[in-house]
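For reference, the chains in residue letters:
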Amino acid sequence: MEVQLEDPAQEIKRLRRCINDLTSLLALPAIWRGSEPSQIVQTLLDVLFRMLSLDFAYARLSDAFGVMPVEILRVAEDSKINLSAEEVRNMLGDPLAAYAQGSLPQIRNQLAIEGIAIVPAQLGVHGEIGVIVLGSNRTGFPEKTESLLLTVAANEASIGLQEARLLSEQKRISAELNAENQMWPVLTEAEIDRARPYGRVRRVEIGEILYRPGEVGRPCFVLLSVSLEIVQPTINGERLVTILRPGMFTGEAGSIAGQRTVVQARVIQAGEILEVRPEDLRTLVAHDASLSEILLRAFMLRRLMLIDRQLGNVVVVGSQHSADTLRLREFLSRNGHPFSYIDLDMDDAYRNLLDRFGIAVSEIPIVMGNDGTMVLRNPSTSQLADSLGLNDNIDNSSLHDLIIVGAGPAGLAAAVYAASEGIDALVIESHAPGGQAGSSSKIENYLGFPTGVSGQELATSATKQAQKFGAKMALARAIVQLRCQHRPYELVMNDGTVFFARTIVIATGAWYKKPTAVNLDRFVGHGIHYGATFLEAQLCEGEEVIVVGGGNSAGQAAVFLSQHARKVYMLVRAATLSESMSHYLIARISGNPSIELLCNSELADLEGESALEKVSWVNKLNGEVRSVNAHHLFIMAGASPNTSWLRGRVALDEKGFILTGRDLPPVVDPDRSPLWPLSRPPFMLESSLPGVFAVGDVRAGSVKRVASAVGEGAISVSMVHRALAEL
């Protein structure tokens, strides 16, 4: 067969045009730099549309960027294909869906009948599939020159899309690392659409107040076309917190916990909002992992911002030399409640004001609402909790599937797993979440935190996680009695309130033992501390301090305090630390020039008038007594279980720890605890009382590590399921 050559002049003209077109295509990546994937596809089609004189051009990019497939369509005004844009889109829908399944030859033939050419393109190195469909009724389309252009276009688009993907990933990582962006994120349209089924859309007008400080159970508002002003009313006027724009949402950590609002939201641009009620918000958070991460991270960062900027709804007026001031500041800090603090030792105006109104020293600290509506004189922690509404969402008339006593790592783990598995769980905590671990300055051997995590950080995150799943928490409430004559069990609190539970998990932990050689009670709150957090560290700046204890908590405290104090003396009764402390802490203490380790030593005397001024200790081997002028002593020695309210109710060992499972004795002294009443053997963590479990440091034989406490709390929930099934 003889091949007919084209006219040389026409061939030269075609090649010149091809070279020009190739030059244009090769320049596209520079134009695309910084563009989004959809913009790259759109530009590519526009260029091909002009170069190839097409009737229409259509492209689809697979869902490789976290969005729906990008579809771009161009139709020429003088198209010889008598189809509308919608008809073309509909006609291509099914064939291109089939193309993704590998039926290319059949599709190519089907489209060719309509005078349409399809050019598949592999874009990028991550497997994104791009489909370019070109419309032309010219015979033999596309020709060799046009095929070359399409191949180059696909290759150059591949480069552009790959760079766009990397840029998008860099922007995403940068945004995630930017605390401000995480605190005030803007939801995408797709994310808002996922939230719509959980709320209702309504219109709001300028000046409308969506919520005020002190209100309970307010919805979370997603701003569709509205702008809000978030302010905090005070007796001196309003303090601006932030401005929220369309795409943002309201709320902070208290929204999940069901606590009172601490700020006010006012509409400054009318429009529509999506209103999501608290119970629907919890459902949304539980069902949508992606939105859950965005919302919870923002809520927690906003609460931290309020704390950092002292934008709380309460002001504490006190003295750093007041034990009660320290008590209330610690309570608010450990519970993550934002507050402002005024030190009377530094503020003459406030001190003169209190003197003028005859406020006695015993009435300090004064706790006030920053809007002037609340004034408390040296309140108890439970009075303060009630006044702030920390327990507003607790219904003491309900019968709970599970009550967890204690919110240390073990109790919080039990709450997270119970609530996530649909168990109605209530946590009762006498002070603040975290327990003894919550007072640890840093935990460095907990799985998953290579740089360490403070006890308070861990407790705060676990608390929000439990509340996310629907667990409730009663704060500043202590259990004083367990009534177990019949089921459900009755738990009596220190204010006389009674809670009813089908099952109970006891996670009350243990307190540090008080050395008996000295009178510590005289200086508690005036130099004696049982935790080493940032609050205590501030008081020790540049001073000499003493840490008593040889366990991990004492070691962590000594290392942490050495960053603030001039010198840390560490008193240990044992001859070495090797049996009671982790190796990494021993190495850190021995290599720290600011820490002096004193083994075989114990407290001998404490001196001072109104506050601690001097500490003495004795070396047990040679009897040598040594004294230093010190205003701060940290007690972290030994552990005593919090089980006084359980004596005669459950079996305890000789030290007062709860016996469980196989450790339960076959015969128990009736004066100390009842016999096991069921025919089945007790479950692994079950006490001598059926359906009552013990986890963490309060349990006899526990390992006394945060990780093991968390594990026991999680395991106990499977036992709770079995105990509930028996009922």
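Residues numbered from 1 in each chain as written. Predicted model: local features only at pLDDT ≥ 70, side-chain atom pairs only at ≥ 80, totals over all residues. Heavy atoms only, no water.

### Here we look at the overall build of the protein
No. 1: The helix and strand inventory of the protein stands at 21 helices and 32 strands.
No. 2: Split into buried and exposed, the 727 residues of the protein put 51% on the buried side.
No. 3: With an accessible surface of roughly 34100 Å², the protein has 52% of that area assigned to carbon and sulfur atoms. (Helix = DSSP H or I, 4+ residues; strand = E, 2+ residues; numbered from the N terminus. Buried < 20%, exposed > 50% of the residue type's maximum accessible area, 1.4 Å probe, protein only. Areas by Shrake-Rupley, 256 points an atom, 1.4 Å probe, with all protein chains shown as cover.)

### Brief notes about the sheet that holds strand β12 (residues 314-318)
No. 1: Pairing within the open sheet is mixed, and its four strands lie in the order β13-β12-β14-β15. If you trace the sheet from one side to the other, it starts and ends with β13 (340-343) and β15 (375-377), each paired once. With direction set aside, neighbouring strand axes in the sheet form an average angle of 15°.
No. 2: Taken together, the four bridges between β12 and strand β14 (residues 366-369) define a ladder with antiparallel strand orientation. Bridge pairing in β14 places V316 opposite V367. (Pairing = 2+ DSSP bridges. Axes fitted to C-alpha atoms, helices over the stretch in contact; angles between N-to-C directions.)

### Section: empty space enclosed by the protein
No. 1: Tallying each qualifying case throughout the model produces four cavities of 30 Å³ or more.
No. 2: Taken as a whole, the second largest cavity holds about 60 Å³ of empty space.
No. 3: In terms of lining residues, the second largest cavity is bounded by L187, A195, C220, V222, F249, V276, L284, L291 and L295.
No. 4: If you list the elements that add at least two residues to the lining of the second largest cavity, you get β7 (220-223) and α11 (289-308). (1 Å grid on protein atoms, 1.4 Å probe; cavity = no way out; pocket = protein on both sides within 12 Å on 5 of 7 lines; lining within 4 Å. Points joined across faces, edges and corners; volume = space filled by probe spheres on them.)

### Section: the nonpolar core
Inside soluble globular proteins, nonpolar side chains tend to come together where they are buried.
No. 1: Within the largest apolar cluster, 46 residues are counted, with the highest numbers of intra-cluster contacts made by V367, L384, L402, V505 and F693.
No. 2: Within the residue set of this core, elements represented by two or more residues are β12, α12 (323-334), α14 (381-387), β16 (399-405), α15 (409-420), β17 (425-428), α17 (455-468) and α21 (706-726).
No. 3: If you tally residues by element for this core, the top one is α15, at seven residues.
No. 4: L44, A59, A153 and L161 belong to the second-largest nonpolar core, a separate cluster that totals 31 residues. (Core = buried A, V, L, I, M, F, W, Y, C linked by side-chain atoms within 4.5 Å.)

### Let's talk about the packing of aromatic side chains
No. 1: Inspection of every chain in the model, using the stated rule, returns four aromatic pairs.
No. 2: Ring geometry for Y211 and F221: centres 6.4 Å apart, planes at 15°, overall stacked. Separated by ten residues along the polypeptide, Y211 in strand β6 (residues 209-211) and F221 in strand β7 bring together distant segments of the chain.
No. 3: A relative accessible area of 0% means that F221 is categorised as buried.
No. 4: Residue placement shows R329 over the ring face of Y341; its charged tip is 3.9 Å from the ring centre.
No. 5: The ring of F683 carries R680 above its face, with NZ or CZ at 3.9 Å from the centroid. (Phe/Tyr/Trp six-rings, centres within 6.5 Å; stacked < 30°, edge-to-face > 60°. Lys NZ or Arg CZ within 6 Å of the ring centre and 35° of its normal.)

### Examining the packing of α15 against α21
No. 1: Running from amino to carboxyl end, α15 crosses α21 at an angle of 35°, the nearest separation of the two axes being 7 Å. With respect to the hand of their crossing, α15 and α21 are arranged in right-handed fashion. Side by side, α15 and α21 meet where P409, A410, A413, A414, Y417 and A418 of the first sit next to V706, A709, V710, G713, A714, S716 and V717 of the second.
No. 2: Across the contact of α15 with α21, the residue classes tally to eleven nonpolar, two polar and no charged. (Left-handed = near helix turned anticlockwise from the far one by under 90°. Contact = heavy atoms within 4.5 Å. Nonpolar A, V, L, I, M, F, W, Y, C, P; charged D, E, K, R; others polar.)

### Digging into a negative patch on the surface
No. 1: Together, D605, E607, E609 and E613 line one region of the surface with negative charge.
No. 2: Topologically, D605 is positioned in strand β27 (residues 601-607). (Patch = residues over 30% accessible without salt bridge, like charges linked within 9 Å, V, L, I, M, F, W, Y side chains within 5 Å. Salt bridge = Lys/Arg side-chain N within 4 Å of Asp/Glu carboxyl O. Lys, Arg positive; Asp, Glu negative; His and termini not counted. Charge placed at Lys NZ, Arg CZ, Asp CG, Glu CD.)

### Observations regarding the pattern of salt bridges
No. 1: A complete count under the given rule lists 29 salt bridges for this structure.
No. 2: Put simply, E252 and R303 hold a salt bridge, and the shortest N to O gap is 2.5 Å. One end of the pair, E252, is in the loop between β9 (237-244) and α9 (253-257); the other, R303, is in helix α11, with 51 residues separating them in the sequence.
No. 3: Residue classification places R303 among the buried residues on the basis of a relative accessible area of 7%.
No. 4: In this structure, R477 and D495 form a salt bridge, with 3.5 Å as the shortest nitrogen-oxygen distance. Placement of the pair is R477 in the loop between β18 (472-474) and β19 (479-483) and D495 in the loop between β20 (489-493) and β21 (498-506), with a sequence separation of 18 residues.
No. 5: Overall, R477 belongs to the buried group, its relative accessible area being 8%.
No. 6: One salt-bridge network, in which partners are shared between bridges, spans R200, R202, E208 and E275.

### Focus: unusual backbone geometry
No. 1: Geometrically, the link from I364 to P365 is a cis peptide bond, its omega value of 15° lying close to zero.
No. 2: When you line up the elements, P365 lands in the loop between α13 (348-356) and β14.
No. 3: Phi at A476 is positive, roughly 55°, even though this residue is not glycine.
No. 4: Inspection of the secondary structure puts A476 in the loop between β18 and β19.
No. 5: At K704, a position not held by glycine, the phi torsion is positive, near 65°.
No. 6: Structurally, K704 is set in the loop between β32 (692-694) and α21.

### Quick look at the environment of R327
No. 1: Mapped onto the fold, R327 is located in helix α12.
No. 2: Ignoring any residue separated from it by four or fewer positions in sequence, one finds R327 in contact with N378, P379, S380 and T381.

### A word on α11
No. 1: Between its first and last C-alpha atoms α11 spans 28 Å; for 20 residues at 1.5 Å apiece the expected length is 28 Å, and the two agree.
No. 2: For α11, the complete set of buried residues consists of L291, S292, I294, L295, L296, A298, F299, R302, R303, M305 and L306.
No. 3: Where α11 starts, the residue carrying a side-chain oxygen 3.3 Å from the main-chain nitrogen of S290 turns out to be D288.
No. 4: Residue Q310 follows α11 closely and has a positive phi angle near 50°. (Expected span 1.5 Å × (residues − 1). Polar contact = N/O pair within 3.5 Å; in protein donor to acceptor, adjacent residues only side chain to side chain.)

### Topic: the sheet that holds β9
No. 1: Spatially, the four strands line up as an open sheet ordered β6-β10-β8-β9, and their pairing is antiparallel. With one partner strand each, in any of the chains shown, β6 and β9 form the two edges of the open sheet. Between one strand axis and the next, the sheet turns through 30° on average, direction left out of account.
No. 2: Taken together, the five bridges between strand β8 (residues 227-234) and strand β10 (residues 264-269) define a ladder with antiparallel strand orientation. What sits directly across from I230, in β10, is A265.

### Comments concerning the packing of α15 against α17
No. 1: Between α15 and α17, whose axes approach to 8 Å, the crossing angle comes to 25°. Relative to α17, the element α15 lies roughly parallel. The interaxial crossing formed by α15 with α17 has left-handed handedness. Contacts from L412, A415, V416 and A419 in α15 reach A459, A462, T463, Q465 and A466 in α17.
No. 2: Residue classes in the contact of α15 with α17 are distributed as seven nonpolar, two polar and no charged. (Parallel < 35°, antiparallel > 145°, perpendicular 65-115°, else oblique.)

### With respect to the pairing of β21
No. 1: The buried fraction of β21 amounts to seven of the nine residues, a majority that puts the element mostly inside the structure.
No. 2: Bridge count between β16 and β21: six bridges; the pairing is parallel. Residue pairing in the sheet places V405 in a bridge with I506 of β21.
No. 3: Here β20 pairs with β21 via four bridges, running antiparallel. Each bridged residue has a counterpart across the sheet, and for L491 the counterpart in β21 is F499.

### A few points about the pairing of strand β28 (residues 614-619)
No. 1: With six bridges joining them, β27 and β28 adopt antiparallel strand pairing. Directly across from E602, in β28, lies its bridge partner V618.
No. 2: Counted between consecutive antiparallel strands, the loop separating β27 from β28 contains six residues, among which G608 sits at a positive phi close to 155°.
No. 3: Of the strand pairs in this sheet, β28 and strand β29 (residues 625-629) are connected by five bridges, and their pairing is antiparallel. Paired with W617 across the bridge in β29 is R626.
No. 4: Here β28 hands over to β29 after five residues, with G623 in that stretch at a positive phi of 75°.

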